[in-house]
Amino acid sequence: MGTTIKILVVSLACVGGLPIAHAQPTQENATQNERNDITWAIGAGGMRSPAWMGSSRTRYDFLPYFAFNWRDIVELNVTDGLSIDLLHGSVWHGGLIGTWRRGRSSRDLGALAKAGIATLPHTLQAGVYLEYVPVKNLTMGIDLSHDIQSTGAAYGNVYIEWDIPVLKPVEHSIKLNSEFMNRSAMRRYFSVPADPAATLGVQAYQPSAGASGTRLSYEAFLPTSRSTGFALGLHWTQLASKPAASPLVRSYGDKTQRTYLAAFLVHY
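Rules and cut-offs
Residues numbered from 1 in each chain as written. Predicted model: local features only at pLDDT ≥ 70, side-chain atom pairs only at ≥ 80, totals over all residues. Heavy atoms only, no water. Helix = DSSP H or I, 4+ residues; strand = E, 2+ residues; numbered from the N terminus. Buried < 20%, exposed > 50% of the residue type's maximum accessible area, 1.4 Å probe, protein only. Contact = heavy atoms within 4.5 Å. Salt bridge = Lys/Arg side-chain N within 4 Å of Asp/Glu carboxyl O. Arc of directions from axis to C-beta. Patch = residues over 30% accessible without salt bridge, like charges linked within 9 Å, V, L, I, M, F, W, Y side chains within 5 Å. Areas by Shrake-Rupley, 256 points an atom, 1.4 Å probe, with all protein chains shown as cover.

Draft legend 1. Spotlight on the overall build of the chain. Each helix and strand counted, the chain has seven helices and twelve strands in total. The burial tally for the chain puts 49% of its 268 residues in the buried class. Counted over contacts in the chain with a minimum sequence separation of 6, partners at least 24 positions apart contribute 60%.

Draft legend 2. Spatial organisation of the pattern of salt bridges. Taken as a whole and assessed by the stated rule, the structure comprises eight salt bridges. Among the salt bridges present, the one from glutamate 161 reaches lysine 175, with a minimum N-O distance of 3.5 Å. A residue pair is termed long-range when its members are at least 10 positions apart, and glutamate 161 in strand β8 (residues 154–164) and lysine 175 in strand β9 (residues 171–181) qualify at 14 residues. Each member of the pair, glutamate 161 as well as lysine 175, is classed as buried.

Draft legend 3. Inspection of helix α4 (residues 183–190) at higher detail. Residues Ala185, Met186, Arg188, Tyr189 and Phe190 constitute the buried set of α4. Buried residues in α4, looked at end-on, bunch into an arc of 160°, giving them a common side.

Draft legend 4. Just a nonpolar patch on the surface, in detail. On the surface, a nonpolar cluster with roughly 900 Å² of combined accessible area is contributed by Leu86, Leu87, Trp92, Leu96, Val128, Leu130, Ile142, Leu144, Val158 and Phe180. If you list the elements that add at least two residues to the nonpolar patch, you get β5 (92–101), β6 (123–135) and β7 (138–147). With respect to the secondary-structure elements, valine 158 resides in strand β8. Under the relative-accessibility criterion, valine 158 is labelled partly exposed at 41%.

As structure tokens, this is what we get:
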């Protein structure tokens, strides 16, 4: 599911997708890591993201960071969660994933919470993924996951990623994601029940399953020494037609979601 050092993928606040962004170590560190079974990364930074999925309001968060990698087979970090590569082939990768998805608090919702729009707790997801690497620096993949909690929400994600082989020693990549939600997930984030709709003076809305959004991401790692560097992430999400048609988005949000982050990392 990527390389040794990963940074935040913040679709959590955009289309609520799985975290995807990653950054690679320098070539010298990559050679060193090939000789190590285990690599670590720690750091901290900041993130600017939508207050809730579909919101036009933004929030700012302190971003602590931790990552663990064992032979590129088992990876765990505070932003991307857990991935276990059971195939671990030269062209095919795939296995199990465990992630989390941010909810929304009454503080995030503001006046919408007083009108009866439900707050949502954070949820944990479990699922599977499959990746294909047809040529060097290009990865295509798909993952499927569902909430561990009894929400009934399930998600699908199709993506393609290109590791840009220029501007060394900077490591950077571009990634395109398309995410889908089942009816429970779509209604969890974008429905407007009758009573809150009447209070807000909008029509009630209960979307069905379908595409939730498309995200374009740029991630970069700028080394400052053999074991330190800055991680940057820029993420733009365009919500699909069903989320964009929700009164929450039409009247109180924005179908274009933007997330920016920066963090300083130490890796070894």
